[in-house]
Amino acid sequence: MSDTAGGRYPSHPPIPPQVPQTSPRRTMLMSPAMVVIGGLLAFFTVVFSVVILPIETYKPPASDNWLPITDKAHDGRAVFLANGCVYCHSGFSRPQDVYEALYYTYPRASEPGDFHSVAESPNVLGTARTGPDLSQEGGQHPDTWHLSHYDNPRSTTPLSIMPRFNFLSKDELDALIAYNQSRGGKDGTLRNAAIRVGNQLMRLNMSMKVEPDKPITAMIDRLKASGAYHEGGKPSDKSPSGLPWMAVWMINSFERGYWMMKDPLDVTKQNLIRGKSIYLQRCSGCHGAKGNGAGPGADDLTISPFVFNQDLTKKPMTSSGMFYHRILTGGPGTAMENFGTRLSVEDIWRVVLFLRTIPNGGLEEDLPTVAMYEPWTPPPPLKNYVETHPIGDQVTDKVDPTDPFMMAARWIAPGMTSSDEILIGGAIPMTLDRLSRLVRADYMKMIDDAYADAKARGEDLPKLASLHSTKGLVFHAP
Ligand code: HEC
Ligand code: HEC
């Protein structure tokens, strides 16, 4: 076809005169050297103002909660960094985390002055929370729980995605645990002192040794010297109520309101099946797939998990209420965890219902049945004890809620009142007041040890008296 389609309508405008296709070559205004220098300058200005300036000028004073750390904890920090723990565990809790995190409670929000020590510089703040934040980890669990958890996190926490650290040496593990227990400053150390005292009492009750250099050994020596010690006593010796002393101590580790409490939920197949699935998911790692207290997580524990495949119908400490309280709040000084933040009230009761089917095959058969459930009846000595120690005594009891050491003692023995005296191991007279003094002594000793180590490392430290000060100290239960 021709360009002009019949000569009347041009199909496109006439082609303009040729324009040059390239513009004249221009040279760069900046020389390459200028680009490099300018780029570096911009980069280092940012580094200077964002990194160097704050590090050099922002030196917050130690917070009221800050404490130095021991040499052992300092070594543990190196193990922590070398093994990449910081990639999954942050080291600062935020205000919005406090008591609100999904499955883990942070008792306090971190403050700038919490990271004061040169031994802790650079801070292990991290960013990722693949696992829980560990800034408040001190005293959340006893040392043996940590051992078990490093050996295989799935034993203590069946659904955990944390890798195993069973290749670490004993020294590395000890150091790592010391570091964990040091975190959370004064509050964490107080919690740690409380679980240590709780653990020592359990050991004494089970005729196990406690370490010689502990405040509790000094207290026992003082009691012996004053003649208050019940020489030759045994945990099995009967208390005036007719209960063995061991049982008296154990039931006083449950709040009085729970001693005789019955199941509020009906024993139905649905409830039992739900209870069983919770048990298998969260409890079998320690209490065992057979309920015999010998799950894989129990290997490293000095105080063994409770055995459920035994007669649960008439023992002093096997009421449903006591089971409930233990699962809700954990065991003071033992590896028994506090599930109150992870399980609903109904689910805890469902697992309690299920526990009572274990002696009759609840774990052996695929599905637990209502017929397997056996109720509890209080043994007469317990009834006698409960009648002579009514709940009212505890309600009207005046313990000072502002005394953190007394609050720790109350956590260890939530069933005791300030007028009770209980023989530990059948021999050592224990009162709430003595318990609180034990916690205090253990706490102060830990501070002194950390201070001495930090001083020997040549750190610039505040006065020991300010570290001993209990201003702002709060006991947050694990
Ligand atoms: C891949 C990520 C990951 C790594 C790496 C990791 N963890 Fe964990 N950690 C977790 C998760 C997830 C949990 C929560 C489940 C559990 O308790 O196992 C957890 C839980 C914990 C807890 C229990 C906190 C509590 O009080 O319940 C401690 C302590 C802990 N880790 C310490 C460590 C240490 C120390 C290391 C390094 C040796 C480490 N973790 C490495 C993911 C990790
Ligand atoms: C990390 C190990 C561990 C895990 C996980 C664990 N327990 Fe325990 N549990 C223990 C230990 C150790 C004891 C014994 C010391 C004590 O009574 O405090 C115990 C004691 C108990 C008791 C007290 C019995 C009594 O009357 O004295 C109950 C009830 C109990 N556990 C239920 C559970 C349930 C339910 C779960 C799961 C939701 C669970 N435990 C998970 C270690 C564990």
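Just so it is clear, the model here is predicted, and its values are computed rather than measured.

Cut-offs used in this document
- Residues numbered from 1 in each chain as written.
- Chains lettered and ligands numbered in written order.
- Predicted model: local features only at pLDDT ≥ 70, side-chain atom pairs only at ≥ 80, totals over all residues.
- Heavy atoms only, no water.
- Helix = DSSP H or I, 4+ residues; strand = E, 2+ residues; numbered from the N terminus.
- Rg over C-alpha atoms; globule rule 2.2 N^0.38 Å.
- Buried < 20%, exposed > 50% of the residue type's maximum accessible area, 1.4 Å probe, protein only.
- Donors = N, O, S within 2.8 Å, 3.2 Å for Na, K, Ca; no water.
- Tetrahedral: all angles 85-135°; square planar, octahedral: opposite > 155°, others 65-115°.
- Near = heavy atom within 4 Å.
- Polar contact = N/O pair within 3.5 Å; in protein donor to acceptor, adjacent residues only side chain to side chain.
- Nonpolar A, V, L, I, M, F, W, Y, C, P; charged D, E, K, R; others polar.
- UniProt positions renumbered as here; feature names shortened; annotations may be inferred.
- Axes fitted to C-alpha atoms, helices over the stretch in contact; angles between N-to-C directions.
- Parallel < 35°, antiparallel > 145°, perpendicular 65-115°, else oblique.
- Left-handed = near helix turned anticlockwise from the far one by under 90°.
- Contact = heavy atoms within 4.5 Å.
- Expected span 1.5 Å × (residues − 1).
- Domains from an automatic or database assignment.
- Patch = residues over 30% accessible without salt bridge, like charges linked within 9 Å, V, L, I, M, F, W, Y side chains within 5 Å.
- Areas by Shrake-Rupley, 256 points an atom, 1.4 Å probe, with all protein chains shown as cover.
- Salt bridge = Lys/Arg side-chain N within 4 Å of Asp/Glu carboxyl O.
- Phe/Tyr/Trp six-rings, centres within 6.5 Å; stacked < 30°, edge-to-face > 60°.
- Lys NZ or Arg CZ within 6 Å of the ring centre and 35° of its normal.

**Q** Explain the overall build of the protein residue by residue, including any values.
**A** Counting secondary structure elements, the protein contains 17 helices and two strands. Relative to the 2.2 N^0.38 estimate, which gives 23 Å for 478 residues, the radius of gyration of the protein is 32 Å and therefore markedly larger than a compact globule would have. Counting only C-alpha atoms and orienting by the principal axes, one finds that the protein spans roughly 125 × 65 × 45 Å. Within the protein, buried positions represent 47% of all 478 residues.

**Q** Before we move on, could you go through the coordination of the iron atom of ligand 1 and cite the residues and values that matter?
**A** Here the iron atom of ligand 1 is held by His89 (NE2) and Met162 (SD), and the distances to it run 1.9 to 2.1 Å. Taken together, the six donor atoms coordinating the iron atom of ligand 1 span angles of 87 to 177° at the metal, a pattern that classifies the geometry as octahedral. In this pair, histidine 89 is assigned in the loop between helix 3 (71-82) and helix 4 (143-151) and methionine 162 in the loop between helix 5 (153-156) and helix 6 (170-182), connecting sequence segments 73 residues apart. For the residue pair histidine 89 and methionine 162, the accessibility class agrees, reading buried in each case.

**Q** Talk me through the site of ligand 2; I want residue IDs and the actual numbers.
**A** Around ligand 2 sit 23 residues, and of these Cys283, Cys286, His287, Met317 and Met336 come closest. At a separation of 2.7 Å, a nitrogen atom of ligand 2 approaches a polar side-chain atom of histidine 287. Threonine 334 is positioned with one of its side-chain polar atoms (N or O) 2.9 Å from an oxygen atom of ligand 2. Elements that contribute at least two residues to the shell around ligand 2 include exactly helix 10 (269-287) and helix 11 (320-329). At four residues, helix 10 tops the list of elements feeding residues into the shell around ligand 2. Classifying every residue of the shell around ligand 2 by side-chain character gives 15 nonpolar, five polar and three charged.

**Q** Describe the UniProt feature "transmembrane region" (unreviewed entry) in the protein, listing the residues and the values that go with them.
**A** Within this structure's numbering, the places UniProt gives as "transmembrane region" (unreviewed entry) are residues 33-55. For residues 33-55, the helix share is 100%, the strand share is 0%, and the end-to-end C-alpha distance is 31 Å.

**Q** Give me the packing of helix 7 (residues 185-205) against helix 16 (residues 432-456): which residues, what numbers.
**A** Closest axis-to-axis distance for the helix 7/helix 16 pair is 9 Å, and the angle between their directions is 125°. As judged from the angle between their axes, helix 7 and helix 16 are oblique. At the point where helix 7 passes helix 16, the crossing takes the right-handed sense. Contact residues: helix 7 offers Lys186, Thr189, Leu190, Asn192, Ala193, Ala194, Arg196, Val197 and Leu201, while helix 16 offers Leu435, Leu438, Val439, Asp442, Tyr443 and Met446.

**Q** Explain the site of ligand 1 to me, and be specific about the residues and the numbers.
**A** What surrounds ligand 1 is a group of 25 residues, the closest being Cys85, Cys88, His89, Ser160 and Met162. Between ligand 1 and the protein, one listed contact pairs an oxygen atom with a side-chain N or O atom of glutamate 137 at 2.9 Å. With four residues, the top contributor of residues to the shell around ligand 1 is helix 4. Its residues assigned to classes, the shell around ligand 1 comprises 15 nonpolar, nine polar and one charged.

**Q** For helix 10, give the residues involved together with the corresponding values.
**A** In this model, helix 10 (19 residues) spans only 22 Å end to end at C-alpha, well below the 27 Å of a helix rising 1.5 Å per residue. Among the residues making up helix 10, those that are buried are Asn271, Leu272, Gly275, Lys276, Ile278, Tyr279, Cys283, Ser284, Gly285, Cys286 and His287. Of the surrounding elements, those touching the buried residues of helix 10 are helix 5 and helix 12 (345-355). Where helix 10 terminates, the next one or two residues include glycine 288, which has phi positive at roughly 90°.

**Q** Provide a residue-level description of the coordination of the iron atom of ligand 2, including the pertinent values.
**A** Looking at the metal site, the iron atom of ligand 2 is ligated by His287 (NE2) and Met336 (SD), spaced 1.9 to 2.1 Å from it. Relative to the metal, the six donor atoms surrounding the iron atom of ligand 2 lie at angles of 86 to 180°, and the coordination shape comes out octahedral. Within this pair, whereas histidine 287 is found in helix 10, its partner methionine 336 is found in the loop between helix 11 and helix 12, the two being separated by 49 residues in sequence.

**Q** Requested: an account of the packing of helix 15 (residues 404-412) against helix 16, with residues and values cited.
**A** Two elements in contact, helix 15 and helix 16, have axes separated by 8 Å at closest approach and are oriented at 115°. By crossing handedness, the relation of helix 15 to helix 16 is classed as right-handed. Facing Phe405, Met406, Ala408, Ala409, Arg410 and Ile412 of helix 15, the residues of helix 16 in contact are Leu432, Asp433, Leu435, Ser436, Val439, Arg440, Tyr443 and Met444. Grouping the amino acids of the contact of helix 15 with helix 16 by side-chain chemistry returns 10 nonpolar, one polar and three charged.

**Q** So, unusual backbone geometry: which residues are in play, and what are the values?
**A** Here the bond from serine 121 into proline 122 is cis, since omega is -5°, no more than 30 degrees from zero. Positive phi values are uncommon outside glycine, yet serine 207 reaches one of about 55°. As for its position among the elements, serine 207 is in the loop between helix 7 and helix 8 (215-226).

**Q** Any details on the domain arrangement of the protein? Residues and values, ideally.
**A** What the domain assignment reports for the protein is domain 1 (71-183), domain 2 (195-257 + 381-440) and domain 3 (261-377). Measuring from the centre of the C-alpha atoms in domain 1 to the corresponding centre in domain 2 gives 31 Å.

**Q** Explain a nonpolar patch on the surface to me, using residue names and the numbers behind them.
**A** Judged by side-chain polarity, Val46, Phe48, Val50, Val51, Ile52, Leu53 and Ile55 come together as a nonpolar surface patch covering roughly 600 Å² of accessible area. In this structure, isoleucine 52 sits in helix 2 (residues 32-57).

**Q** Please give an account of the side chain of asparagine 180 that cites residues and values.
**A** Along the polypeptide, asparagine 180 turns up in helix 6. According to the relative accessible area criterion, asparagine 180 is buried, its value standing at 2%. Apart from residues no more than four positions distant in its own chain, asparagine 180 is found in contact with Leu134, Glu137, Gly138, His146 and Tyr150.

**Q** Before we move on, can you summarise the packing of aromatic side chains with the specific residues and values?
**A** Enumeration over the complete set of coordinates arrives at 12 aromatic pairs. Between tyrosine 324 and tryptophan 349, the aromatic rings sit 4.3 Å apart at their centres with planes inclined by 10°, giving stacked as the arrangement. One end of the pair, tyrosine 324, is in helix 11; the other, tryptophan 349, is in helix 12, with 25 residues separating them in the sequence. Judged on exposure class, the residue tyrosine 324 and its partner tryptophan 349 are both buried. The ring of phenylalanine 80 carries arginine 183 above its face, with NZ or CZ at 5.3 Å from the centroid. Just above the ring of phenylalanine 254 sits the side chain of arginine 326; from NZ or CZ to the centre is 4.1 Å.

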